[in-house]
Structure formats: C-alpha cells, structure tokens
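# What the coordinates show
Chain by chain, the residues run as shown.
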Amino acid sequence: MDSQQAKGIAPSEGSPGAKGTVHMTDERCKGCSYCVVFCPTGALAMGGRINRKGYHLPELVHPDKCNGCDMCGLYCPDFAIFGVRTNRKKTDGEP
Amino acid sequence: MSDAPRNPVEKLLRTERMPHIWCPGCGIGTSVNCFARAIEQADIPYDKLHVVSGIGCSGRVAGYVNVDSFHTTHGRAIAFATGLSLSRPSAKVVVYSGDGDLFAIGGNHFIHAARRNIDMTVICINNFTYGMTGGQVTPTTPLTAKASTSPYGNFEDSFNLPNLAEACGAVYVARWTIYHVRQLTRAMTKALSTKGFSFLEVLAPCPTLYQRRNKLGDGVAMVQFFKDHSTIKNGASTSEVGLGFQSDMIVGEFVDRQRPTFMDNYNARMKEVLGDSFVPFEGIK
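This structure is a prediction, so every number in the text was calculated from the model and none was measured.

### Examining empty space enclosed by the protein
By rolling a water-sized probe across the atoms, one finds the places where empty space is left. All names here are of chain A. Across all of its chains, the model carries 5 cavities of 30 Å³ or more by this definition. Here the largest cavity defines a volume of roughly 100 Å³. In terms of lining, the largest cavity is formed by 16 residues, of which the most central are V22, C39, C66, C69 and C72. Among the residues making up the lining of the largest cavity, the classes are represented as 10 nonpolar, 4 polar and 2 charged.

Here's what the structure looks like:
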C-alpha cells in the first residue's frame, strides 16, 4: 500500500498564492499526458522524473497556476493524479 | 497509513490491483473515473450497486470496482444482469462492457433487454475495435477503417448504436466521448437514476490497436479529435447520429422517455389475471 501512497508533487505550503495543488501516485502513472494537455490553467508539464516502470511523470511546473479544479483527476485514466483545493493564504497587502 | 490525501475515486476501486492493464492513453480508465464520480452524485450505496462486465478490455472494469461485480462469459453480461436485476429489483445493475461484447457476441441479449425494458444501465465503451484479442473488425468499426481482419479497409456498414437502442425501446440514450468528462459524469448520474433500460455510448480511443493501424496518433490525438469534431446536440434524432471513419460526430442526450419496466408489466398483468391471490415479487431477501 505504501508504494501506492499519493504524494504531493508540489509542497502544499510552498506556494501561498495558489488555490490548490495536485497529488500523484507515481506507480500508477503511464505517462499518457492527458492531465498535461487538458489542464485548464496549463500548470502541468511532462517532466524528466520517471517511475519504477520507466514512464515519464507529469510535474506541477507552475504551482501558482494550480487552482485545484481536479480536471486532471477527472481525465486521468490511471487514477494516478488528482487535484485538491487548498486554503488560499492571503499575502500581505492583499484585500 | 499516513494522512496524505487520497484520490476521491479510490473508494470505488480495488487499489491493490492497480496499476491496471489498460494501455497508456486508453479511454476506459477515464470513463471509470467518471463512473465513480457519478455513483457519488447519484448517491447509490455500494451494497446496492452491481457491476457486470463481459469479456474484453472494457470487461476488466468489473474486476477493478470495489462493489459486487461479475465478469461473465463473452457477450452474456446483459443475460446475467437481466437475472440479477429481476431477482433484486431494489438493486442498481450496471453493465459495463465494450462494443464487440455488447453488440457482436451479445447483440441479441441487448435488443431483448431493451425491448423488455429491464431495469439496468448499459454503458458501452465504443473504441471501434476488439482491443484485447488483437484489433479485429467489430460491428462498430467505421467503413474504410483498417483492422487486423480488414487490412484493405473495412467494407461493412457499422451499427448506429443510439439508433439501435432507441428502436429497441431504451428509455434513456446518450452518447458522449471521453473528452466530455463533465457531461459524461452527468449523463451517467442520470442513467443511474433512470428507471428502466438506459444506454450510454462512450466513444474512447484505442491507441494500441485501432489508432496505430489507422495512423491516428496516440490517445491525446484522438481525444483532441473528439474535441474538434464533436457537436453537442441534445435531443437529436438518433437516425442522424451514425459515425463514419474520422467523421464529425454528434454527441448528447438523444432519448429520455418513460415506459413501464418488465417488472411493472409483469405485476400489472398478473394482478389483472389472478386478482387478490397474486403476491407481487419484491426480490430475493
């Protein structure tokens, strides 16, 4: 079970302006890139990281663009990726 | 178990069997994703849901969903589901199978289940080919498409599945592609909440066999094609929604009507003939 544990591929706390983030179960991904192509905000890209089977994995290259809409999770045929909304932290000076 | 977030669809899946056998870019997984969300939205308890599959790539769905499911012999998914639906009228029976299984081997079961209006939902993953056995021609392979059994291009006319389902008597008929994930989820929710025989055609890419042989690119290319060449036309006449090879396609909800189900008709007729001595069947306890 541990090998299939979802991992946050972006630090959830790392991008204070982001409304959401994505989580990934690396071992299930087959690198079809549906999540990258159909991400409405273009926050994902295929990265250089590979999993145990040698498939290239998507990466959250623009953590600030992710709004946690879970469109990647809806398209993913392998149940490997999903988005979650995080509590957006207001930065100083923002209303 | 750590407290890392879990994928919301994992509740429905047998995660110990993952990663699944479907190829990279296969659309079946996406449809299962929509199905899992539709069950949440339709608010069906898992112990009242039964998934029945036939043989084929789409037939593997029964093995991956964590509800009572049955993987039947080739083409007999609807035959099995008919018995299941009649013996448990309160349960929701879903047949999740492929185009070859439902319409070539199991074609007769399909038309008669629709005619009798058995209370079940049939989800047909149409990827235009027999995926698991090596890319042979199915009744839904479009004209001129190449397959392993038609190397010069298919010369048989294909089925227009929504038209067939409507003509046979289905009460709910819709077609979506796996590009239309939100609409597909909504249609599945509606099909699950509809009493009677509901039919849903889901167009899905098969990059390994159908697209490679026809030089149509990978899964993403096909989903992009679905995006660019589909027109949403709810309530369209099903006689106009036939598919050609890489032709424009009409998607949407085509039929939504009401008819008495098999059980309704049975109970009404028996009551009429036998009078008060008839005890309506309420399912196996």
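### Looking at the pattern of salt bridges
Residue and element names in this part refer to chain B. For the structure on display, the rule yields 14 salt bridges over all chains. When the shortest N-O distance is used, the salt bridge between K11 and E40 registers 3.5 Å. One end of the pair, K11, is in the segment before α1 (28-42); the other, E40, is in helix α1, and 29 residues separate them in sequence. For E40, a relative accessible area of 42% translates into the label partly exposed. Its salt-bridge partner being E253, residue K190 comes within 3.4 Å of it at the nearest N-O pair. One end of the pair, K190, is in helix α7 (residues 181-193); the other, E253, is in strand β8 (residues 249-256), with 63 residues separating them in the sequence. Taking the relative accessible area as the measure of exposure, K190 reaches 33% and is therefore partly exposed.

About the thresholds
Residues numbered from 1 in each chain as written. Chains lettered and ligands numbered in written order. Predicted model: local features only at pLDDT ≥ 70, side-chain atom pairs only at ≥ 80, totals over all residues. Heavy atoms only, no water. 1 Å grid on protein atoms, 1.4 Å probe; cavity = no way out; pocket = protein on both sides within 12 Å on 5 of 7 lines; lining within 4 Å. Points joined across faces, edges and corners; volume = space filled by probe spheres on them. Nonpolar A, V, L, I, M, F, W, Y, C, P; charged D, E, K, R; others polar. Salt bridge = Lys/Arg side-chain N within 4 Å of Asp/Glu carboxyl O. Helix = DSSP H or I, 4+ residues; strand = E, 2+ residues; numbered from the N terminus. Buried < 20%, exposed > 50% of the residue type's maximum accessible area, 1.4 Å probe, protein only.

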